[in-house]
Amino acid sequence: MAYQIVWELGFSHCAAVGAALLILIENALITQSRLMLLESALIFFNLLAVLSYLKFSNSQKHGPFSPSWWFWLILTGVACACAVGIKYVGVFTYLLVLGVAAVHAWHLIGDQTLSNVRVLCHLLARAVALLVIPVLVYLLFFYVHLLLLCRSGPHDQIMSSAFQASLEGGLARITQGQPLEVAYGSQVTLKNAFGQPVPCWLHSHQSTYPVIYENGRGSSHQQQVTCYPFKDVNNWWIVKDPGRHQLVVNNPPRPVRHGDIVQLAHGMTTRLLNTHDVAAPLSPHSQEVSCYIDYNVSMPAQNLWRLDIVNRESDTDVWKTIVSEVRFVHVNTSAVLKLSGAPLPDWGFRQLEVVGEQLSRGYHGSTVWSVEEHRYGRSQEQKERELELHSPTQTDVSRNLSFMARFSELQWRMLTVRSDDSEHKYSSTPLDWVMLDTNIAYWLHPRTSAQIHLLGNIVIWASASLATLVYALLFIWYLFRRRRRVCDLPEDCWLRWALAGALCAGGWAVNYVPFFMMEKTLFLYHYLPALTFQILLLPVVLEHVSDHLCRYGALAATPPWGYGSRGVLNGDSSVMQMGLGSQARLCRGSEDEANEGCRERKVADVHGRWGRPFGPGEHQEQREGQGNMGRDPEQPVVRGRTAWCMAEINQEAL
């Protein structure tokens, strides 16, 4: 594919072979491929997307809407979807292809040879193939994924309770047969929707907050309330009606609705969830949350909470198991129950801090809770209630989420969940990658100390980086020159040079620069997709320098009036043709270059190379002595005035 890409860009067979060989002998790409890591497949589909678009673009000139035209256009969209499906960073190459396609479509709109209907058909075809088809293919990947992987696994906890309940086994065995509507007297476990730093459940135990913290601040010495990342009997709470003392469900059950005032009683201690104007242990700007203990001091209970269903459809919605996302707003202080996520010291058993945060209009997952396990409480006595809390719930019916709900949640979790923020031994920064100032030890033999390291070829990496710099400088130089109406490259050569830069240099940039803005642990292999595009640019730059800069430099170094004892105009017609041909090649371009500015430059170049025109009072004979000095006596004389006129005639013809 590297060979084909360079060839489709319009460069020589030699440059295409060079690109293919550089890809073949790059150590890092070989190592990554041999160990079957994701970057190899990602690079494959990145290159396939670029190659398919180039073939589509070239077939546009010969047979638009032909079978091959459609094939390469659709394959471009499918390859982009595959790249994004392998790793999210594949979206960078997808955006690059979309950007190039948008520029080409913009030029297509300005093509006056096409009718309006024809232009509309072109735009619709590109929109379907490059926007609709990739989305459908990406959805198809995850439809098959969720269809086949339908059972519970060891990492389910990062997903919501609803997602876990939709899987076979695990939480689904616990939640099957649960009552759907939460009622007064219901026994529930409340899971935080944020799931950061780890998924956890609202929890309490007999231990109390220390009277004095390590920093000298005091506490209420009430019963601790935390968030615990494991299943535990102390995670159970009872939804209590403030107007009744009973902790059982009526018959028929009275459901809790949005806006109702409730109390939450801890199942094992029956103490009520409370918050007050006391600073939290680790978050001094937030309120402490506790289970109230009456010490007969001037600290009254403040244990009333208003239920706020975040994802309600109406203000009369009923609080539902798993489905409803709720917030608990404190009636007295308007604070909302929130997971701060800070781990408590040893006196809090390293569990996570829960605080009361002043209510804000914005939505944040740390303030949202959902009922995961639920049953209707039937036991009046505390001893019987404890036995009831220890017993498992019923298992009758499963409750499933729709495909789009599971798909959306899975995408969000993949984007936001980070397993570990600590530094890795072989982690690196994007600046380390360019100069290969890092590596990764992939494998170590336990007895012989034989190792496999991810390490690039320093010659290729340095050459590719230098080629990128040279391309950028030349591109800027040509832009300035073209702005001054100096056309160093023919128009077709300039377009080929710009497209090669957009795909190769642009491919390197879009796959490299975003890593500077990522807050995650990075490794050398993240640079390999960008490196691949940079390698493709190296033979492109070398061929351009060889064909255009070195050749023109050799012509510019040619003496203007002679090669040895033979003048350029005094008989060596081939050299004269080469000189004029060079001027023609370097100045040929679009039709607007025939303006006065380009014409003056061409004539000025002729004056500089072939001599100036006769000045006032200057005669032909005065020039002949200078113009024929060193002339071979056997060669015919070409007088100065004639030479200048011949050159100007040739330039006017150009």
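Further up the page is the structure itself.
Since the structure is predicted, the reported quantities are computational estimates derived from the model, not experimental observations. For every chain, the first residue of the written sequence is number 1, and numbering continues from 1 along that sequence. The predicted origin of the model limits local features to residues at a pLDDT of at least 70 and limits the giving and counting of side-chain atom pairs to 80 or more, whereas totals for whole chains, interfaces and linings rest on all residues. Hydrogens are left out, water is left out, and the side-chain values use all remaining heavy atoms of the structure.

Visitor: Tell me what's going on with the state of the cysteines, and back it up with residues and numbers.
Guide: Two cysteine sulfur atoms make up a disulfide if the distance between them is within 2.5 Å. Here the structure, examined in full by the defined rule, presents 1 disulfide. Sulfur-sulfur distance for the disulfide between C200 and C227 comes to 2.3 Å. Because the sign of the S-S torsion sets the handedness, a value of about 90° for the bond joining C200 and C227 places this disulfide among the right-handed ones. Taken together, the residues span a long stretch of sequence, with C200 in the loop between β1 (186–192) and β2 (201–208) and C227 in strand β3 (residues 223–228) at a distance of 27 residues. Helix and strand definitions here come from DSSP, where helices need a minimum of 4 consecutive H or I residues and strands a minimum of 2 consecutive E residues; each element is numbered from the N-terminal end.

Visitor: Pulling in residues and values, what's your account of unusual backbone geometry?
Guide: Here the amide bond leading from N251 into P252 is cis, since omega sits at 5°, within 30 degrees of zero. By the element assignment, P252 lies in the loop between β4 (236–240) and β5 (261–266). Although it is not a glycine, M36 sits at a positive phi angle of roughly 55°. Locating M36 in the fold gives a position in the loop between α3 (27–34) and α4 (38–60). The buried label goes to any residue with under 20% of its type's maximum accessible area, the exposed label to any with over 50%, and the partly exposed label to all in between, with areas taken from a 1.4 Å probe on protein chains only. A relative accessible area of 74% places M36 in the exposed class. The residue H221 is not glycine, and still its phi comes out positive at about 60°. Along the chain, H221 falls in the loop between β2 and β3.

Visitor: Any details on α3? Residues and values, ideally.
Guide: The periodicity of an α-helix, 3.6 residues per turn, causes residues three or four places apart in sequence to face the same way. Here α3 has its buried residues at A28, L29, T31 and Q32. Relative to the axis of α3, the buried residues are bounded by an arc of 165° and lie together on one face. Looking at where α3 begins, the residue whose side-chain oxygen comes 3.0 Å from the main-chain nitrogen of A28 is E26. Just downstream of α3, M36 is the residue with a positive phi angle, here 55°. An arc is given here, and it is the one of the directions from the helix axis to the C-beta atoms. Polar contact is defined as a pair of N or O atoms within 3.5 Å, subject to the rule that within protein one atom must be able to donate a hydrogen and the other to accept it, and that residues adjacent in sequence are counted only when both atoms are side-chain atoms.

Visitor: Tell me about the layout of surface pockets, and name the residues and values.
Guide: Which parts of space are left empty comes out when a probe the size of a water molecule is rolled across the atoms. Volume-wise, the second largest pocket comes out at about 810 Å³. Looking at the second largest pocket, it is lined by 26 residues, and the ones nearest its centre are S57, K61, H104, L495 and L499. Mapped onto the lining of the second largest pocket, the elements with two or more residues apiece are α4, α6 (90–109), α7 (116–148) and α14 (491–512). Residue classes in the lining of the second largest pocket are distributed as 12 nonpolar, 8 polar and 6 charged. Whether a set of points on the 1 Å grid over the protein atoms alone is a cavity depends on a 1.4 Å probe fitting there but being unable to get out, while an open set qualifies as a pocket with protein on both sides within 12 Å along at least five of seven lines; lining residues are those with an atom within 4 Å of a point. Grid points are joined across faces, edges and corners, and a volume is the space filled by probe spheres set on the points. All residues other than Ala, Val, Leu, Ile, Met, Phe, Trp, Tyr, Cys, Pro, Asp, Glu, Lys and Arg, Gly among them, are scored as polar; the first ten of these are nonpolar and the last four charged.

Visitor: Any details on the nonpolar core? Residues and values, ideally.
Guide: To qualify as a nonpolar core, a set must consist of buried Ala, Val, Leu, Ile, Met, Phe, Trp, Tyr and Cys residues joined through side-chain atoms within 4.5 Å. Ranked by size, the top nonpolar core spans 82 residues in total, and within it I5, V6, L9, W461, W497, Y527 and L536 carry the most contacts. Any two residues whose heavy atoms approach within 4.5 Å are treated as being in contact. Residues within four places of L536 in sequence aside, it is in contact with A2, I5, V6, A19, L47 and C504. Among the nonpolar cores identified, the runner-up in size contains 28 residues, and V188, L202, W305 and V326 belong to it.

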